[in-house]
Amino acid sequence: KELADVPASFDCEMRKLAYAYGRKLLPRLGAFESLYYALDLNSDSCHQEQAKDEPVHQPATALPHNWRSAAVFVDGAKGDDSNVGSESQPLRSLQVACDRAVSSAGSTPMVLLRGGTHFLTESLRLGPQHSKLLITSYPKENAEVSGGQKLQVTWKPYNLTGGANIWVSDVTGQVQEIETLQVDGVRATRARYPNMPQGVEVSCGYGCTIDGSQQTWIKQTFPGNSTNYTDTTPQHYRNTSVWNWFKQYEIGVGGECSIYDPPVSYWCAEHPQGGGRPGAERPAGVIYKSPNGPYEHGEDARFFVWRPSRWFNWIFDVAKYDRLSNNFTFGRGGHQGARGHESGGDFWVENVMEELDFPGEFFFDKRTEKLYLFHNGTGAPPTDSIVVPGVQVLVNITGTQWKPVKGVQVKGLRFSAAAPTYMMPYGVPSGGDWALDRYSAIFLQGTQETLIDGCTFERLDGNAVMVSGYNRDATIQRSDFAFLGGNAVAVWGYTNETSRDPGRPGIVLANVPRAGVDGTDGEHPVRTTVQNCSAREIGLFEKQSSFFFQAKASESRILSNIFFNGPRAGINLNDGFGGGDEIAWNLIFSSCRESGDHGPFNSWDRQPFLTRVRTGEPSMIMQWRWIHHNFMVDNFSPQEAIDNDDGSCYYKTHDNFFC
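Residues numbered from 1 in each chain as written. Predicted model: local features only at pLDDT ≥ 70, side-chain atom pairs only at ≥ 80, totals over all residues. Heavy atoms only, no water.

1. Considerations on the pattern of salt bridges
Inclusion rule: Here, a salt bridge means any Lys or Arg side-chain nitrogen found within 4 Å of an Asp or Glu carboxyl oxygen. Starting at the N terminus, helices and strands are each numbered in turn, a helix being any DSSP run of H or I of at least four residues and a strand any DSSP run of E of at least two. Only protein chains enter the accessibility calculation, which uses a 1.4 Å probe. A residue is then buried if its area is under 20% of the maximum for its type, exposed if over 50%, and partly exposed in between.
Applying the stated criterion across every chain yields a total of 38 salt bridges. Across the pair E594 and K543 runs a salt bridge whose closest N-O atoms are separated by 3.1 Å. In this pair, E594 sits in the loop between β45 (587–589) and β46 (601–603) while K543 sits in the loop between β39 (534–536) and β40 (548–551), placing the two residues 51 residues apart along the sequence. Relative accessible area serves as the criterion here: at 9%, E594 is assigned to the buried category. Taken together, the salt bridges that share partners define one network made up of E144, R187, E201, R414, E458, R459 and D461.

2. Considerations on the nonpolar core
Using the following cut-off: Take the buried residues of types Ala, Val, Leu, Ile, Met, Phe, Trp, Tyr and Cys, join any two whose side-chain atoms come within 4.5 Å, and each joined set is a nonpolar core. Note on contacts: a residue pair qualifies if any of its non-hydrogen atoms lie within 4.5 Å across the two residues.
Within the largest apolar cluster, 63 residues are counted, with the highest numbers of intra-cluster contacts made by F415, F457, V465 and F481. By residue number, the principal contributor to this core is helix α4 (residues 94–103), which donates 4 residues. The residues contacting F481, other than those within four sequence positions of it, are F457, A464, V465, I476, A488, V489, C533, S534, A535 and R536.

3. Section: α4
Definition in use: Working definition: the arc comes from the directions between the helix axis and the C-beta atoms, pointing outward to the latter.
Among the residues of α4, those classed as buried are L94, A97, C98 and A101. Seen end-on, α4 carries its buried residues on one side only, within an arc spanning 95°. Of the surrounding elements, those touching the buried residues of α4 are β1 (72–74), β2 (110–113), β4 (124–126), β5 (134–137) and β6 (143–146).

4. Looking at a nonpolar patch on the surface
Test applied: To count toward a patch, a residue needs a relative accessible area above 30% and no salt bridge. Like charges then connect within 9 Å, nonpolar side chains (Val, Leu, Ile, Met, Phe, Trp, Tyr) within 5 Å. Every accessible area reported is derived by Shrake-Rupley at a probe size of 1.4 Å, with residue values counting cover from the shown protein chains alone.
Residues V6, F10, L17 and F657 make up a contiguous nonpolar surface patch of about 310 Å² in total accessible area. Inspection of the secondary structure puts F10 in helix α1 (residues 10–25).

5. Quick notes on the side chain of S169
Take S169: it is sitting in strand β9 (residues 166–170). Look past the residues within four positions of S169 in its chain and what remains in contact with it is Q152, V153, T154, W155, E369, K370 and L371.

6. Description of the packing of aromatic side chains
Condition: The criterion for an aromatic pair is that two Phe, Tyr or Trp rings (for Trp, the six-membered ring) have centres within 6.5 Å, with stacked assigned to planes under 30 degrees apart, edge-to-face to planes over 60 apart and tilted to the rest. The rule is short: NZ of Lys or CZ of Arg within 6 Å of the ring centre and within 35 degrees of the ring normal puts a charge over the ring.
Summed over the entire model, instances satisfying the criterion amount to 35 aromatic pairs. Between Y288 and F347, the ring centres sit 5.3 Å apart and the planes meet at 90°, which makes this aromatic pair edge-to-face. Linking Y288 in the loop between β18 (285–287) and β19 (302–306) with F347 in strand β22 (residues 347–350), this pair joins segments that are 59 residues apart in sequence. There is no split in this pair, since Y288 and F347 are both buried. Judged by centre distance (4.1 Å) and plane angle (10°), the rings of F316 and F330 are stacked. Of this pair, F316 sits in strand β20 (residues 313–322) while F330 is found in strand β21 (residues 327–333), placing the two residues 14 residues apart along the sequence. As far as burial versus exposure is concerned, F316 and F330 are alike and both buried. Taken together, the aromatic side chains of W217, Y288, Y295, F303, F312, W314, F316, Y321, F328, F330 and F347 make up a single cluster linked through ring pairs. Just above the ring of Y206 sits the side chain of R310; from NZ or CZ to the centre is 4.3 Å.

7. A look at the environment of K366
Mapped onto the elements, K366 comes out in the loop between β23 (361–365) and β24 (370–374). The sequence separation of K366 and E342 amounts to 24 residues, and the corresponding C-alpha distance is 32 Å. If we ignore the near neighbours within four places in the chain, the residues touching K366 are Q176, E177 and D300.

8. A closer look at the pairing of β40
Threshold: For two strands to count as paired, DSSP must find a minimum of two bridges between them.
The two faces of β40 match: F548 and Q550 on one face and F549 and A551 on the other face are all buried. Sheet topology places strand β36 (residues 489–492) next to β40; 4 bridges connect them, and they run parallel. Considered in β40, the bridge of W492 is made with A551. Bridge count between β40 and strand β43 (residues 571–573): 3 bridges; the pairing is parallel. Looking across to β43, one finds that F548 is bridged to I571.

Below you can see the structure in the form of structure tokens.
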């Protein structure tokens, strides 16, 4: 219908329908309060009372009849690693418990975590020897695995005048840096400009940024052009697109793309199609005069800079600061996006003491090792719940295609306080617009039939789950993701484009870069399932983030999920590698809240790959992807519900409700 023909009541009734559908999809969440408020059903213009549904509890993890004698027990508060690991004499370390569980003679190794928080000081590492291991909470208890470190604080008044409520504590010797901070289980906001009225966990949309068009950006000088490679093998020519575009595999290696690891990108090739040749361009600095400047230590500042058009954001540390000219020269960073630009867009700046001026903000002075907190409350801040995320990867499950980790199950656990990863090495997965880091709270590589079931991923500063390289039949189900720094679930395979890859250390890759087109060697995820999950409030730091991202992977199933409140596309498929994916029965809305174009779903297919998915024989044509029976609302920066962008083909999209 024409817009004028749509009754005024449609929008409100559609939102009420979305609320009913969401509760039907995930009855375990009961009245689903976060969904109710996200749909703005408490407003005067469209009011509906919140449902009274009681949560339909998930079935408890089935344990064998002899679990009390067969399991290894862990108690983060009362355990001791000199104990035997029994129910009455639990261990303290999760790593020790997992190692001990698989060394016993039992056919079903089990580790049961007692209720409370289990703080990690390093990643839990599981290898092929841990196959068939079950890690879960003790029956009827709630266990949390945290990458954080509790600080011992003694607060003293610092500034209690003029409405300020700033306190300080000496934390000498406890931490070297505090990039993020949690107070009473909620993130504080690193001192920044502009302020965020409701804190870092509540999106400002297009607001809370400085107008980049009014600044002077310093142009970057690059270390030479990349080396181009174009695959001219006749059998690899894909004739599926108009304008003679996207028909050959092409990359650039080294040169300006040395900022990535591995140093390769479609956008550094000689003639990339679908957006010019932006390469890895990025500004080298900015002349910016802060209203609260000049800063005493502007060299400590961190800049979060949108690329013009708001496709992604770079993140820069400052190498040099000239307070007289207001010139910030960027140092580390600038590798977080794939399609470059010589100038910056809108931005914000953080980690300078002069910007500590708003409730909920903190600042750590690394020179004096003092922590300052503008307490968002009366009196002094709490003393027993100040947590600094410190471990980036909480659980690392890694094997190889030839010696995989089989059948590990992680059930009924809560994961929190993983440290930021946005300054770690990034790679460019394929011909989409993304660059990405291979880090996450739970990291899978070289696994078969891994199950993540009934878990909560909350307030993690990077990605929640990464399915990397060779994986078969990984399942993430009945789990909830909220307040994440990056993606909820990212699925990303490998092809051999350079002789080394940080994701596969110690392996010299053969036939490069010619093998970059070849996806037949199995080093990619197949049949990943994400079902009956919820995800919201993601991409708090890394804005090019989605609820589900996929590159160089095939035959994924994204079923019966509810995704809302993200900065970019809800689901993003970066290429047409293999295909055979199914996206069905999902509710997705309020995506692209902070960025331009796209909507609930986006895909690209600029860079063809050779796979066996379509027919069982090597083919440059992917198997059909199916998108059906979804409820998608494109209510921010609306372009379309399904954005099949450059080169996308072989989609069967039917029986969806789009608005």
